[in-house]
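# Topology and contacts: notes
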There are 2 protein chains.
Amino acid sequence: MEIKVLQKVLDRNRDMAATVRAKLKEKKLLMINLISSPGAGKTSLLEFLGEALAGKVRMAVIEGDVATDRDAIRLKRFGFPVVLINTDGGCHLDSHSISVALKELDLDNLDLIFVENVGNLVCPAHFDLGESFKLAIVSTTEGDDKPIKYPMVFRDARAVVLNKTDLLPYTRFKRDVFLNDLHGINPSVPLFELSCVTMQGVEAFKSWLLDQINEWISA
Amino acid sequence: MEIKVLQKVLDRNRDMAATVRAKLKEKKLLMINLISSPGAGKTSLLEFLGEALAGKVRMAVIEGDVATDRDAIRLKRFGFPVVLINTDGGCHLDSHSISVALKELDLDNLDLIFVENVGNLVCPAHFDLGESFKLAIVSTTEGDDKPIKYPMVFRDARAVVLNKTDLLPYTRFKRDVFLNDLHGINPSVPLFELSCVTMQGVEAFKSWLLDQINEWISA
């Protein structure tokens, strides 16, 4: 019989996150923890970046999935390293799995690591992975009430991406309600409204991301 | 310092689920555990049923939310009893919270209880609430790969609702891929393709639900 003690799990996670963070700092590597609901567009955003940053930024992805290698296969087409973590029913990644995944990557030849967390707006918010910062993605078709209903992820995010703006005309999404709730939770968080289908708005996000990498490397 | 032992949590949940299930059987009450990603349309489906079943079925909702009473307020307009459980960051409902919520309802004067679980395709799959069965909702805008990527919920569901069919023309959703994956996981599960905006397809779901209630009451 397996006994898991939650407090010890959280303590161990925090300690390992500190180790991961120190390692990334030593290597001058930016690591972004990407969090969203299932199907909000995490993998689509990474597909865009895989193409847009090719030859400019040395990128890798740690891909977290409950089951299957579908997203990992989608990303491997772009030629950057992808490490897949299957959680086998687990609802979030933790810093231990990240520390193991990092061993599969050549950290001296990377600038940027994206961690695509399990599709879940709740649990990933509770687990520090040692990331440089969290990035939240939400899509217009999920409704304008997500920040207020799932506040932890939005409160802790360095930036928020509102994806699927191409579908806005067909939804009841109220932009003013969304913005008001989001800024009530995280007053000055940058928001990038974009579509990974029409590519409208993606360049502004790319510019911001390049600035983050440059700031991180020169810090 | 609080120590939580996961195995004990799961054992206690299973025991309390059995107690809840026995109570519902005694009262000849159907209880449906509604599970989906955030924003897939759980509350919208309940709004439709609140109107469609008024005067025909005595219905109540136990509303699970990480934070806020927004969905409970949406549902209270329809006049049926709504009991709100705020999980305060928790990622799923459990059978203990259901047993407490049931005390707030007049079980002798109800036919049907919907439990709207926390918006999450992972954790709610692991916790038996004592429900009669689980109902999974997924929306076209989340992509066709949700059954294969989050198999637990779809494997255990008595039926599946595919919502937001009105948005199909604007998405890359492949219906044959979705059906093939879904039936690979749960071969004979009934699927209801509908839109809670245009109301296309909702009557077939309502008929099926009424059959479930009648079967349950006469069992």
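Going by the structure above, here's the rest.
Overview of the structure. Since the model is a prediction, treat every value here as computed from it, not as a measurement.

We now examine the nonpolar core. Generally speaking, nonpolar side chains in soluble globular proteins are found buried as a group. Counting 48 residues, the largest nonpolar core has Val122, Phe154 and Val160 of chain A together with Val122, Phe154, Val160 and Phe178 of chain B as the members making the most contacts within it. No other element matches helix 7 (residues 175-185) of chain B, which puts 4 residues into this core. Contacts of Phe154 of chain B, omitting those with residues within four sequence positions, involve Leu121, Ala136, Val138, Lys146, Pro147, Val160, Leu182, Ile185 and Asn186 of chain B.

With that settled, consider the pattern of salt bridges. Side chains that differ in sign of charge can pair as their charged atoms come close. Under the counting rule described, the total for this entry stands at 32 salt bridges over all chains. Measuring nitrogen to oxygen at the nearest pair gives 2.8 Å for the salt bridge that ties Asp128 of chain B to Arg21 of chain B. Linking Asp128 of chain B in the loop between strand 4 (112-116) and strand 5 (133-139) with Arg21 of chain B in helix 1 (residues 6-26), this pair joins segments that are 107 residues apart in sequence. By relative accessible area, Arg21 of chain B is classed as partly exposed at 35%. Salt-bridge contacts for Arg77 of chain B lead to Glu47 of chain B; the nearest nitrogen and oxygen are separated by 3.0 Å. A residue pair is termed long-range when its members are at least 10 positions apart, and Arg77 of chain B in the loop between helix 3 (70-76) and strand 3 (82-86) and Glu47 of chain B in helix 2 (residues 42-52) qualify at 30 residues. Since its relative accessible area comes to 16%, Glu47 of chain B is described here as buried. Through salt bridges with shared partners, a single ionic network connects Glu47, Asp65, Asp71, Arg74 and Arg77 of chain A together with Lys149 of chain B.

With that out of the way, let us pick up the relation of the copies chain B and chain A. Superposing chain B onto chain A takes a rotation of 180° plus a shift of 0.0 Å along the axis, which leaves an RMSD of 0.0 Å. These values place the two chain copies in the arrangement generated by a two-fold rotation axis. A share of 100% of interface residues in chain B that are also interface residues in chain A marks the association as one of identical surfaces.

Residue and element names in this part refer to chain B. With respect to topology, 7 strands assemble into an open sheet ordered 3-2-4-1-5-6-7, the strand pairing being parallel. Strands with a single pairing partner mark the edges of an open sheet, and in this sheet they are strand 3 and strand 7 (191-193). Within the sheet, the average angular offset between the axes of one strand and its neighbour, ignoring direction, is 20°. Relative to strand 7, strand 6 (residues 157-163) runs parallel, the two sharing 3 bridges. The partner of Val160 across the bridge, within strand 7, is Leu191. Strand contacts of helix 2: strand 1 (30-35), strand 2 (59-65), strand 4, strand 5 and strand 6, with the helix running at about 160° to strand 4, the strand carrying the most contacts. Contacts between helix 4 (residues 95-102) and the sheet are confined to strand 1, strand 2, strand 3 and strand 4, with strand 3 contributing the most and set at about 145° to the helix.

Basis of the calculations
- Residues numbered from 1 in each chain as written.
- Chains lettered and ligands numbered in written order.
- Predicted model: local features only at pLDDT ≥ 70, side-chain atom pairs only at ≥ 80, totals over all residues.
- Heavy atoms only, no water.
- Core = buried A, V, L, I, M, F, W, Y, C linked by side-chain atoms within 4.5 Å.
- Buried < 20%, exposed > 50% of the residue type's maximum accessible area, 1.4 Å probe, protein only.
- Helix = DSSP H or I, 4+ residues; strand = E, 2+ residues; numbered from the N terminus.
- Contact = heavy atoms within 4.5 Å.
- Salt bridge = Lys/Arg side-chain N within 4 Å of Asp/Glu carboxyl O.
- Least-squares fit on C-alpha atoms with pLDDT ≥ 70 in both.
- Pairing = 2+ DSSP bridges.
- Axes fitted to C-alpha atoms, helices over the stretch in contact; angles between N-to-C directions.

These figures capture arrangement, not role.
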